[in-house]
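# Structural characterization, general
Each chain, written out:
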Amino acid sequence: MTLSSQPIGVFDSGYGGLTILREIVKKLPQYDYVYLGDNARTPYGTRSFETVYHYTLECVRHLFDQGCRLVILACNTASAKALRNIQQLDLPTLAPGLDGPGRRVLGVIRPTTEVIGQYSKTGNVGILATRGTVTSESYMVEIEKFFPKLSVFQEACPMWVPLVENGEYDHPGADYFVKQHIDRLLAKSPEIDTILLACTHYPLLLDKIRQYAPAHATILSQGGIVADSLADYLIRHPEIEAQCSQYGQRTFLTTDSTDDFDRQATVFYGEPVQSAHLVL
Ligand code: DGL
């Protein structure tokens, strides 16, 4: 990272946010990005509100220290449990000079809920997410704002992140848990025709999810949606866009082993990465 670089920060509890970064980079390759995976403390999905908030804030602070003006919480659990507090309580002190261009933190829930209703013909959508995201009810609340007529059914899939983090996503053992949660979701409404993967880890289970979901169902991953939304945000906020440096640099930071990160990250990001260790 050069001294003048002001990258866009992308944060996740682990590897999952790389599925979002991958699509963002495809859409907006010119910008610099720094990815921070809090692998040492993953998973977030089973942790309390206070813990997720505390961990996320610590990572956002670090990304600001790296020169980021704009940070994307590419983690549904962090977006559900920490984003609002960070925006309302912490940004004024973390980013003095809000009257100027300031600094911004965005999540992945809002961009997704803005468009989800466009995909369903039956008006019944299913949300697959971590327990933390489901219990926060963030999706229910946000979807109600944009698509009040939509019926939304949630299913927490607590085993899916460990399966993915441990490289078991394409092994036969994963089938049991994928089928179990798809069946439970559809039991809530057989009319569901749109299923949102509201956890950044779940796209790695896509083949198995397709296998157990009804053939006619649309399975939505968030990467493309978040990338489109970011592109739109940067057009609507030229004062922020002007502060994002454009040298095409990528930096990867992990709070755990860099060897593990580099090996695993390739699967999520789609190309080799070389990470640096971050001590928080
Ligand atoms: N990546 C997180 C999300 O999108 C889930 C992973 C975790 O539980 O830490 O919700």
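Heads up: the structure comes first, above all this text.
On a predicted model such as this, the values are computed, not experimentally measured, just so you know.

Every regular strand shows the same layout, with side chains that alternate between the two sheet faces. The buried fraction of strand β5 (residues 124-129) amounts to six of the six residues, a majority that puts the element mostly inside the structure. Side chains N124, G126 and L128 project from β5 onto one buried face, and the interleaved V125, I127 and A129 project onto a second face that is buried too. With six bridges connecting them, β5 and strand β6 (residues 151-156) associate as parallel partners. Pairing of L128 across the sheet is with E155, part of β6.

Both trends apply: most residues other than glycine have a negative phi, and most peptide bonds are in trans. The linkage connecting T42 with the following residue, P43, adopts the cis geometry, with an omega of 5 degrees. If you trace the backbone, P43 turns up in the loop between β2 (33-37) and α2 (49-65). You will see that E137, though not glycine, has its phi angle at about 60 degrees, which is positive. Mapped onto the elements, E137 comes out in the loop between α6 (131-136) and α7 (138-146). Here E137 falls in the partly exposed class, since its relative accessible area comes to 41%.

Let us look at the packing of aromatic side chains. Taken as a whole, this structure holds 10 aromatic pairs when the rule is applied. Both rings, one in Y15 and one in F268, keep their centres 5.3 Å apart while their planes meet at 25 degrees; by these two values the pair is stacked. Placement of Y15 in the loop between β1 (8-12) and α1 (17-27) and of F268 in helix α13 (residues 258-269) is noted, with a sequence separation of 253 residues between them. Residue classification places Y15 among the buried positions, given a relative accessible area of 6%. The buried category is assigned to F268, whose relative accessible area is 1%. Centre to centre, the rings of Y44 and Y55 are 5.6 Å apart; their planes meet at 50 degrees, and the pair counts as tilted. Of the two residues, Y44 is situated in the loop between β2 and α2 and Y55 in helix α2; the sequence distance between them amounts to 11 residues. The residues Y44 and Y55 share a single accessibility class, namely buried. Through a chain of ring-to-ring contacts, three or more aromatic side chains come together here, namely Y15, Y35, F252, F261, F268 and Y269. If you follow R41 out to its NZ or CZ, it ends over the ring of Y55, 3.8 Å from the centre.

What follows covers empty space enclosed by the protein. Evaluation of the coordinates by the stated rule reveals one cavity of 30 Å³ or more. Approximately 90 Å³ is the volume found for the largest cavity. Lining the largest cavity are 16 residues; nearest its centre among them are S13, T77, T130, V161 and C199. The residue inventory of the lining of the largest cavity, partitioned by class, reads six nonpolar, nine polar and one charged.

With that settled, the discussion passes to the site of the ligand. Around the ligand, 14 residues are found, and the nearest of them are S13, Y44, G45, T77 and T200. G45 places a main-chain nitrogen or oxygen 2.8 Å from an oxygen atom of the ligand. Within the backbone of N76, one N or O atom sits 2.9 Å away from an oxygen atom of the ligand. For the ligand, the protein covers 99% of the area, taking 300 Å² as the surface of the free molecule. A per-class count over the shell around the ligand returns five nonpolar, eight polar and one charged.

What follows concerns the layout of surface pockets. Taken as a whole, the largest pocket encloses approximately 840 Å³ of empty space. Considering the residues around the largest pocket, the lining is formed by 35 residues, among which L83, I109, R110, P111 and E142 are closest to the centre. At the level of secondary structure, the elements contributing two or more residues to the lining of the largest pocket comprise α3 (76-81), α4 (83-94), β4 (104-106), α5 (109-115), α7 and α11 (223-236). Tallied by class, residues from the lining of the largest pocket come to 17 nonpolar, nine polar and nine charged.

What follows covers the nonpolar core. Ranked by size, the top nonpolar core spans 54 residues in total, and within it L18, L21, Y33, L70, L128, W160 and L234 carry the most contacts. In terms of residues, this core owes the most to one element, α11, which gives six residues. With residues up to four places along the chain from it excluded, the contact list for L21 reads V10, Y33, Y35, F252 and Y269.

Rules and cut-offs
Residues numbered from 1 in each chain as written. Predicted model: local features only at pLDDT ≥ 70, side-chain atom pairs only at ≥ 80, totals over all residues. Heavy atoms only, no water. Buried < 20%, exposed > 50% of the residue type's maximum accessible area, 1.4 Å probe, protein only. Helix = DSSP H or I, 4+ residues; strand = E, 2+ residues; numbered from the N terminus. Pairing = 2+ DSSP bridges. Phe/Tyr/Trp six-rings, centres within 6.5 Å; stacked < 30°, edge-to-face > 60°. Lys NZ or Arg CZ within 6 Å of the ring centre and 35° of its normal. 1 Å grid on protein atoms, 1.4 Å probe; cavity = no way out; pocket = protein on both sides within 12 Å on 5 of 7 lines; lining within 4 Å. Points joined across faces, edges and corners; volume = space filled by probe spheres on them. Nonpolar A, V, L, I, M, F, W, Y, C, P; charged D, E, K, R; others polar. Near = heavy atom within 4 Å. Polar contact = N/O pair within 3.5 Å; in protein donor to acceptor, adjacent residues only side chain to side chain. Areas by Shrake-Rupley, 256 points an atom, 1.4 Å probe, with all protein chains shown as cover. Core = buried A, V, L, I, M, F, W, Y, C linked by side-chain atoms within 4.5 Å. Contact = heavy atoms within 4.5 Å.

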